[in-house]
Amino acid sequence: MGQYKLIFTGPVGAGKTTAITTLSDEPPVKTDEVARDMTRQRKPDTTVALDYGVMRLDKGEKLHLYGTPGQERFDFMWDILSSGGIGLILLINNNRPDPFQDLRFFLQRFRSLVDSTAVAVGVTQMDRKPEPLLETYHQALGKQGLEGIPLFEVDARSRTDMSLLVQSLLFTLDPGLKMDKDDGEISTA
């Protein structure tokens, strides 16, 4: 029975906690505290250490989901959480003033993980702010040398959206994976 670790990162308010809660087959662990800095203008609580959940895959395998805090002052947790990760899910909030600055920052900060594994990008909040378009994100990723990586508009509250993002990352890591058409489970054989 395999145990795998997947990292979720991105700026404050991108939907990391919500995504892990949506995907987890067990009650998630959250380390939210009352926001006391500029974050409180965006949301009342913020992750200060990590979010954790478990997604069960076919044949009893488990995908451990670790969410990083979005604030740079908690960046010491980023390296701790990334250790042993098989891939990175980067969530970008399209409603932020400069989502491309966030994209560049997090790709650069997690570059060693991206280079040694794989990354998939989910753009959230496109229902609130439809532009920039996904095509512009594709262009920005190309400038980072990451053309062709999985990139989707996602709603972190949607298990379907988030599962598709995770599956795209897993298929990037192992193109030999198979999807069971009947139950949507990922299988390694």
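Computed from a prediction, not measured in an experiment: that's the story for all the values here.

### Considering the pairing of strand S6 (residues 119–124)
S6 sits mainly inside the fold: six of its six residues count as buried. The alternating pattern of S6 places Val-119, Val-121 and Val-123 on one face and Ala-120, Gly-122 and Thr-124 on the opposite face, and all of these are buried. Pairing between strand S5 (residues 87–93) and S6: six bridges, direction parallel. Residue pairing for S6: Ile-89 is matched across the bridge by Ala-120. Relative to strand S7 (residues 151–153), S6 is paired through three bridges, and the arrangement is parallel. Bridged to Gly-122 within S7 is Phe-152.

### So, the packing of aromatic side chains
The final tally for this structure, using the stated rule, is seven aromatic pairs. Ring geometry for Trp-78 versus Phe-106: centroids 5.5 Å apart, planes at 45°, classification tilted. Remark: Phe-106 occurs in helix H3 (residues 99–109) and Trp-78 occurs in helix H2 (residues 76–82); sequence separation between them is 28 residues. In this pair, the class of Trp-78 matches that of Phe-106, namely buried. Geometrically, the ring pair formed by Trp-78 and Phe-110 is tilted, given 5.6 Å between the ring centres and 35° between the ring planes.

So, how was this worked out
- Residues numbered from 1 in each chain as written.
- Predicted model: local features only at pLDDT ≥ 70, side-chain atom pairs only at ≥ 80, totals over all residues.
- Heavy atoms only, no water.
- Buried < 20%, exposed > 50% of the residue type's maximum accessible area, 1.4 Å probe, protein only.
- Helix = DSSP H or I, 4+ residues; strand = E, 2+ residues; numbered from the N terminus.
- Pairing = 2+ DSSP bridges.
- Phe/Tyr/Trp six-rings, centres within 6.5 Å; stacked < 30°, edge-to-face > 60°.

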